[in-house]
Amino acid sequence: MEEDFSQSLTPPISQFSGENHCELIPFQPPCFSCASDTVRSDTRPLSSDGYIGRGSLKRMLLRLDPAPADYEGDTVDIFGFTWVTETALVESTTLLFGLFRQKLLKLETLIQSSSHDFGQASSLHYEAEDLRRHCVIFLQYVKVFLYRYLEPMCPTEEGPSHPYIEQEAQLPSTLLEELFGLTLLIGRLKDLPANILTMQYQGKLFPPSWHLLHLHLDTHWSVLEILHLLTHKMHGQVVYAHQFVNLTGENLTNNSLFEEHLCNLLSDLTGLAVCRYNKVRPTEALTSHHYHCTCTKELWILLIQLLEHRSKVLHTQSFWAYINTLLRPLISGRPLPEQDSGLPTRCKDPLGFTWWLVTHLAELGQYSCNGTLQNQKHLEDNWTFVEELLRSTCDSKRMQQEEQIRMHVHCCLTLCMLWEPNTATVTTLWEYYSKNLSGSFTVPWLGVSGLGSVCKTPLALLEQARTCCSPAPLSSSGHTQLYRSANSFHIFLRVLALYLAQDNAGGAPWRQIKGRVYSKFHQKRMQELSEAGLMNFLMLFMVLARQAELEDVAGRACELLGLLPSDLPPAQRSLVWRGQLALLLLFQERGLDVGAQASWLAASFSRTAREFYLKTTEPSRRLSLWGPLGSYLEGVAEVFESSISLALSEERLLNEGFGLLLPACRQSELNSALGFLQTVLRELRRVHQCSVHSGQMTCASDARPSLASTGVAKEHHLAVAAALWAHFFPFLRSLRLSNTPMAQLADAAAGFTLLAFDLPSSAPQDLQPNPIQSILQCFGWDDMLHPLLVTRYLPHLLQNSDLMSSVSSSCAGSMSGPSQAPSVRAWFRCVLQQHIHKNPDGTDSRAGKALEEQLSELTRLVLKLPEVDSLLQRAELQPGAGGKLEPRPALEMFVKAVGRVYSRLQVLPERTAMVSRALDYIGDVMKYIKPYLVNKNPQEGLLQAYWAVGCVVRHWSPLLATSKAQQLLFNIVNGLLLPNSLSGLDKALRDSLPLYLQGLSIAASASQSQGAYLKKQLRDVISKYLDHFLPAGPSVGAVANHPVLLAACEATPTLRGCALRRSILQVISESFLQFKGSAPPPRLVTVLAFLLELLRRNSDSDPALLTMPLPSVLRCLMMVNEPQVKKSSTDVLQLVVERCSAACGHVPCHHTVAVLRSFVEENEGIYDRQVYSILETVAVLDSRAVLALIPVLSMSLRNTEHKRGLGKNTTLRNAYRKLLTLLGDSGQAEMISLEED
């Protein structure tokens, strides 16, 4: 064909002409492109090279030059030829369109030679791109030519005219025929191969098929644009295709061609959308678009803008009119054949497709002619057609399932957000849902997400209603994924909320829908509602209450709920109360009084609580009743938590029903009830403190109206407090002596204590005039309380410095502040009873572990009490910085501090007061530890009890010796040290006995009135346990660790230690070394070993103390020949004699001499030789002591001989001489004297 266009047939200026006649190729005109666009953004999602991005659409609508900067030269290059700009289209219309067809056919041919070879693909891309560019330039030239040079021809006088003028006059008709031929050549979009329409392309090199598709789109749009421009230039004159009419006899005008081509194009685009919809899941309806690429999206926007413009200017059909005509056969159930409508005959869901397409087209209507998304409406609404869709959706004959209805209503919601909802739409939907209110509206294949959300609390119900009344933005995931998260009824509620919230409607929407809603509910209808239906009913009225008249809707809801049967199932009762409480929350938001609503609800709760309380109620029934009762607790707690001031009659929710509910609760139920109580107490205190603070600010600003509102608020706060005291506190008080107190009990009791601090006048009369002290005594200071309760309760209060200061100041005048001494006593008792919860096998129970943790916290707070801290500072004892002090060392430190402070006091009144305080600190300690003593277990508790009381006896011994505290000391000795039986006490006594012995020794020395008795008690204790822990046979380990020995040992001798050792030595001498006739005492070897160890471990130097056991030891040496006894006795004798000698220096120790003299005199004439033998041992150790005895010994010898009457006793005298030989000169002299006898 190219040969036909040789140089002889060239246009006016040939392509072979000189370059000076040519101009530069114009810039690339706008065209469809879905290649990657670097300037693409959220505000400009379309291609910047497209008709909208390049401003072509806007210029057309404004009747401006399509390309003001192009085609300005005298010539223009089209299809590789140079043409005269102003005449080419008139003179060469057929030729130019022929060249266009030639390029188009060549591009189609390139598709067949496509290859996967990259090199060939590159060349094919550039060749196809060049072919398309030539065609687009030509189409753009046609538009420019028509705008600039076409003028309608006016009738002229008959006569010859210039040939160009005749050609120019025929141009509209000729152009119309060429456009018609072009449409026949390119055919329809639906006729393109399926692979071209659906293939996705990426990268920068595209196959010829991509260019062909986009050239078809360019051509289809350009034909409409040229026809629209032709109509404009012809000033409304109808252009006929004369040659076509003459040949076929059929009329072909610019208007008919526009209509036919437009309908075909809309039909083809809709057909493409059908193909896409067949692959769309309902969950993806709003995220899956109806166009394949941005080019078809742009084409839709171009058509919308063009048709809306023509509708306004030329009064032709609107865009929606064309679409409705196209889609109406689909939803009627009688679609036209494909050859007639152009739509595919197979569509999986025609109604769903129609909803889907209309919704997405409405979204495209938001685009302006600049291609930007704007909130203003560029496309009129289409409610008339949508109402037809709604009627089809809600038609019971169609048997639509929830999965389809949900998508349809979701699309309807989207349209309501794009357009303003109208009454007919809402009415149609309400008519459907009012008949199906009890439906579940579930989509089985969605799984759990399709079941819909169940609002378990009033706040959740209110929040869901709030969500329905505040739809998410169109483009957000909250809106696009609504199909998964909400059922169709909830989506309808969003539509209803939008309808009621229309701006500038003046309440008209509510007046129009109010009667339709209310009229659907009556007694029979209410009683027919299932649980799901009741939930939907509540959601409906919550939305109406938020968007319309709250009090009117709430009142109507109460009336309707009152129509429900009295024996409503518990699950539905829960729903009813939940809905009522949600309405109360809404009243609170608006600052309206909730008294009427609360009274109705509380009365219903009270009736249910009474049934729950009755013993005649079956256990299964009681179990089911807890459902609504528990939901009531949760809901009322949310009401109190949500309230800003608690001044809206919320106290009416707390009635006598709680007094019936609490005693009937099981453990788990009681936990929930007490948790609810804590919430109410906390919220009451919060709002009251805020009210007091705001009142103080008001007083400073002198604002009387605010003062009045503060007074009203306080009245309501007192009413809430009175309800709590009346309906909850008596039950708490009845549980305080429980053996298994719950943590919530202590927390709630602490809440009441703090409430009494904030609102003391609200407390009942039996707690007045000092309600805080009364409650503290009831739950913290009473000795009958379980430690688990006390250790949980007191920390709540001890850390509140304001409360403790208030209690202390209210009891001013007492030297021992009642807020501190009883708290210390309670702590002391809890430490002693810490191990009561041990399991029989000795392991910690769960309660025991909780007690351990709570006791550590109580210990920390007690040590911070001002009174305790003062004692520690005065005693120069302070807990380690930063480290946590465990209860046991803390108790020891506290006891030491009290003892030190008392010892340093000099003034009698101060000492007397300190005794009273100390006794107040420890209370009835014997009563506290009695469970351990009776049961003799757990062993840890027994050990701790003995140790703790031992610390008291040891460090408070001077204090306990006073007349006021002596009785306690006597009780301790009799109860702990001198019990009737020692079974099970060995470990405890062995560990703590040193503390008792040391303390008793000091007390016996310090006591003025009962010193003798205490000393006797001390000796009894020493005797008892010296015997008890003394082994039967000699055992070094047993003697060395004997508790009595450990009590007496000290590194440096002190007066107190000496006193204890004196008592021990006295007991040993009197009770363990006494001979019965000539029979030695039992366990003599062990006793002597103990005595030796006692003397050896202590560096005593007092001869009076050291010589106390000497008579008994001398007797052992004399009377017992057992080697071990001899050795131990000799060792003791040596130690005593040497220390006495060292203590007396160069003079004989008169204590030793006195003992020896007595020993000699007692054994005169009986054991003389044994006496001399023993004295020989003494003489070796300390001859001075024996020298002092020479006169006595000699006299004793002579007396013995005299008594016998036999003259000199040679044997005896020889033994005496042997002794005297050891005494030096004095001994020799005495020997001479004896010879002279």
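None of the values given here were measured: they were computed from a predicted structure. (Residues numbered from 1 in each chain as written. Predicted model: local features only at pLDDT ≥ 70, side-chain atom pairs only at ≥ 80, totals over all residues. Heavy atoms only, no water.)

Things to note about the overall build of the protein chain
Threshold: Strands here mean DSSP runs of E at least two residues long; helices mean DSSP runs of H or I at least four residues long; both are numbered from the N terminus. Throughout, the radius of gyration refers to the C-alpha atoms, and the reference size of a globule is 2.2 Å times the residue count to the power 0.38. When a residue's accessible area, from a 1.4 Å probe over protein chains only, is under 20% of the maximum for its type it is buried; when over 50% it is exposed; and in between it is partly exposed. Every residue pair with non-hydrogen atoms within 4.5 Å of one another is taken to be in contact. Reported accessibility uses the Shrake-Rupley method at a 1.4 Å probe radius. Residues are deemed covered only where the shown protein chains occlude them. Charge assignment in this entry is limited to Lys and Arg as positive and Asp and Glu as negative, and neither His nor the chain termini are counted. Where a charge lies is defined by one atom per residue type: Lys uses NZ, Arg uses CZ, Asp uses CG and Glu uses CD.
Looking only at helices and strands, the protein chain has 60 helices and 2 strands in total. In terms of C-alpha radius of gyration, the protein chain reaches 57 Å, well past the compact-globule figure of 33 Å for 1237 residues. Projected onto its principal axes, the C-alpha positions of the protein chain cover 205 × 75 × 60 Å. Among the 1237 residues that make up the protein chain, the fraction classed as buried is 54%. When contacts within the protein chain are restricted to residue pairs at least 6 apart in sequence, long-range pairs at least 24 apart make up 77% of them. Within the structure as shown, the protein chain displays about 53400 Å² of accessible surface, and the carbon and sulfur contribution to it stands at 52%. Averaged over its 110 positive side-chain charges, the protein chain has a centre that lies 14 Å from the centre of its 117 negative ones.

Quick word on the confidence of the model for the protein chain
Quick reminder of the rule: The quantity known as pLDDT measures the predictor's confidence residue by residue, on a range of 0 to 100.
When pLDDT is averaged along the protein chain, the result is 87, and 91% of the positions lie at 70 or above. Below a pLDDT of 50 lies the segment residues 698–707, which in the model reaches 5 contacts outside its immediate sequence neighbourhood of four places, other chains included. Of the regions scoring below 50 in pLDDT, residues 812–818 engages in 10 contacts with residues more than four places distant in sequence or in other chains.

Some remarks on unusual backbone geometry
With omega at 5 degrees, the peptide bond leading from Q768 into P769 counts as cis. Examined against the element boundaries, P769 turns out to sit in the loop between α32 (743–758) and α33 (771–781). Between N937 and the following residue, P938, the backbone shows a cis peptide bond with an omega angle of -5 degrees. If you trace the backbone, P938 turns up in the loop between α42 (930–935) and α43 (939–955). One non-glycine residue with positive phi stands out, namely R63, at about 60 degrees. Among the residues examined, R63 registers a relative accessible area of 42% and is labelled partly exposed. Although it is not a glycine, K936 sits at a positive phi angle of roughly 55 degrees. Mapped onto the elements, K936 comes out in the loop between α42 and α43.

Brief notes about the nonpolar core
Here is the rule we go by: Within this scheme, the nonpolar core is defined by two criteria: the residues are buried Ala, Val, Leu, Ile, Met, Phe, Trp, Tyr or Cys, and they are joined through side-chain atoms within 4.5 Å.
Core analysis: the biggest nonpolar cluster contains 410 residues, and W221, F537 and L724 have the highest contact counts within it. Those residues in contact with L724, other than ones at most four positions away along the chain, are L654, L677, V680, L681, L684, F729, F752 and L755.

With respect to the pairing of strand β2 (residues 81–84)
Note the following rule: Strand pairing is defined by DSSP finding a minimum of two bridges between the two strands.
Judged from the 4 bridges that link them, strand β1 (residues 75–78) and β2 form a sheet pairing that is antiparallel. Bridge pairing in β2 links I78 to F81. Connecting the antiparallel pair β1 and β2 is a turn made up of 2 residues, with F79 showing a positive phi of about 55 degrees.

Some thoughts on the pattern of salt bridges
Where we set the bar: Salt-bridge detection follows one rule: a side-chain nitrogen of Lys or Arg within 4 Å of a carboxyl oxygen of Asp or Glu.
All told, the structure shown has 38 salt bridges when counted by the stated rule. Here D130 ties to R133 by a salt bridge, and the two come within 2.8 Å at their closest N and O atoms. Of this pair, D130 and R133 are both found in helix α4 (residues 118–149), 3 residues apart, which corresponds to roughly one turn of the helix. Linking E589 and R546 is a salt bridge whose minimum nitrogen-to-oxygen distance equals 3.3 Å. One end of the pair, E589, is in helix α25 (residues 570–590); the other, R546, is in helix α23 (residues 531–547), and 43 residues separate them in sequence. Classification of E589 by relative accessible area gives partly exposed; the value is 42%. Several salt bridges share partner residues, and in doing so they unite E463, R466, R546 and E589 into one network.

What about the packing of helix α53 (residues 1110–1119) against helix α56 (residues 1168–1181)?
Short version of the rule: Axis definition: a line fitted to C-alpha atoms, limited for helices to the stretch in contact. Angles are taken between N-to-C directions and run from 0 to 180 degrees. The labels follow the angle: roughly parallel below 35 degrees, roughly antiparallel above 145, roughly perpendicular from 65 to 115, and oblique for the rest. Here is the rule for handedness: rotate from the far helix to the near one, and if that takes an anticlockwise turn smaller than a right angle the crossing is left-handed, while a clockwise turn gives right-handed. Residue classes follow a fixed rule: Ala, Val, Leu, Ile, Met, Phe, Trp, Tyr, Cys and Pro count as nonpolar, while Asp, Glu, Lys and Arg count as charged, and any other residue, Gly among them, counts as polar.
One way to put it is that α53 packs onto α56 with a least axis distance of 9 Å and a crossing angle of 120 degrees. What the angle tells us is that α53 and α56 run oblique. Crossing hand, α53 versus α56: right-handed. Counting all contacts with α53, which are made through L1114, L1117 and M1118, the residues of α56 involved are Q1170, V1171 and I1174. For the contact of α53 with α56, a count of residues per class yields 5 nonpolar, 1 polar and no charged.

Some words on helix α38 (residues 866–874)
Cut-off, in case you're wondering: In this description, one arc is meant: the one made by directions from the helix axis to the C-beta atoms.
For α38, the full list of buried residues reads E867, V868, L871 and L872. The buried residues of α38 occupy one face: seen down the axis, they fall within an arc of 135 degrees. Looking at the buried residues of α38, the elements they touch are α36 (821–832), α37 (846–863), α39 (887–904) and α40 (908–922). With its phi angle positive at about 60 degrees, E876 sits one or two positions after the end of α38.

Describing the packing of helix α45 (residues 966–977) against helix α47 (residues 1011–1028)
Running from N to C, α45 and α47 cross one another at 15 degrees; their axes reach a closest spacing of 12 Å. Overall, the two elements α45 and α47 adopt an arrangement that is roughly parallel. Crossing of α45 against α47: the hand is left-handed. Residues L969, F970, V973, N974, L976 and L977 of α45 form the contact with α47, whose participating residues are Y1013, L1014, Q1017, V1021, K1024 and Y1025.

Describing the packing of aromatic side chains
Rule in force here: Working definition: rings of Phe, Tyr and Trp (its six-membered ring) pair if their centres are within 6.5 Å, and the pair is stacked with planes under 30 degrees apart, edge-to-face with planes over 60 apart, and tilted otherwise. For a Lys NZ or an Arg CZ to count as sitting over a ring, it must be within 6 Å of the ring centre and within 35 degrees of the ring normal.
Under the definition given, this model contains 51 aromatic pairs. Summarising the aromatic geometry, the rings of W725 and F752 are spaced 4.8 Å apart at their centres and angled 45 degrees between planes, so their arrangement reads as tilted. Of the two residues, W725 sits in helix α30 (residues 704–727) while F752 sits in helix α32, which places them 27 residues apart along the sequence. As far as the burial class goes, W725 and F752 line up, both buried. Members of the aromatic cluster, connected to one another through ring pairs, are W430, Y432, Y433, F441, F489, F492, W510, Y518, F521, F537 and F541. When the ring centre of Y518 is taken as origin, the NZ or CZ atom of R556, which lies over that ring, is 5.3 Å away.

Topic: the side chain of N536
How we decide: The term polar contact refers here to a pair of N or O atoms within 3.5 Å; inside protein, the definition further demands a hydrogen-donor-capable atom paired with an acceptor-capable atom, and it admits residues adjacent in sequence only when both atoms are side-chain atoms.
Summarising the element assignment, N536 is placed in helix α23. Within the structure, N536 has its side chain in polar contact with the backbone oxygen of L437 (distance 2.8 Å). Look past the residues within four positions of N536 in its chain and what remains in contact with it is L437, G439, F441, F489 and H490.

A look at the state of the cysteines
Where we set the bar: Count a disulfide wherever a pair of cysteine sulfur atoms falls within 2.5 Å.
Inspection of the entire model under this criterion finds 0 disulfides. We note that C295 lacks a disulfide partner, and the nearest cysteine sulfur, in C34, lies 3.9 Å from it.

Some thoughts on the environment of L568
Of note, L568 is situated in the loop between α24 (550–561) and α25. A residue is classified by how much of its surface remains accessible, and L568, at 6% relative accessible area, is buried. Distance in space between the C-alpha atoms of L568 and A713 is 37 Å, their sequence separation being 145 residues. Setting aside residues up to four positions removed in sequence, L568 forms contacts with R573 and V576.

Topic: the side chain of S1112
Along the chain, S1112 falls in helix α53. Those residues within four positions of S1112 in sequence are excluded, and the remaining contacts are S1069, L1073 and Q1074.

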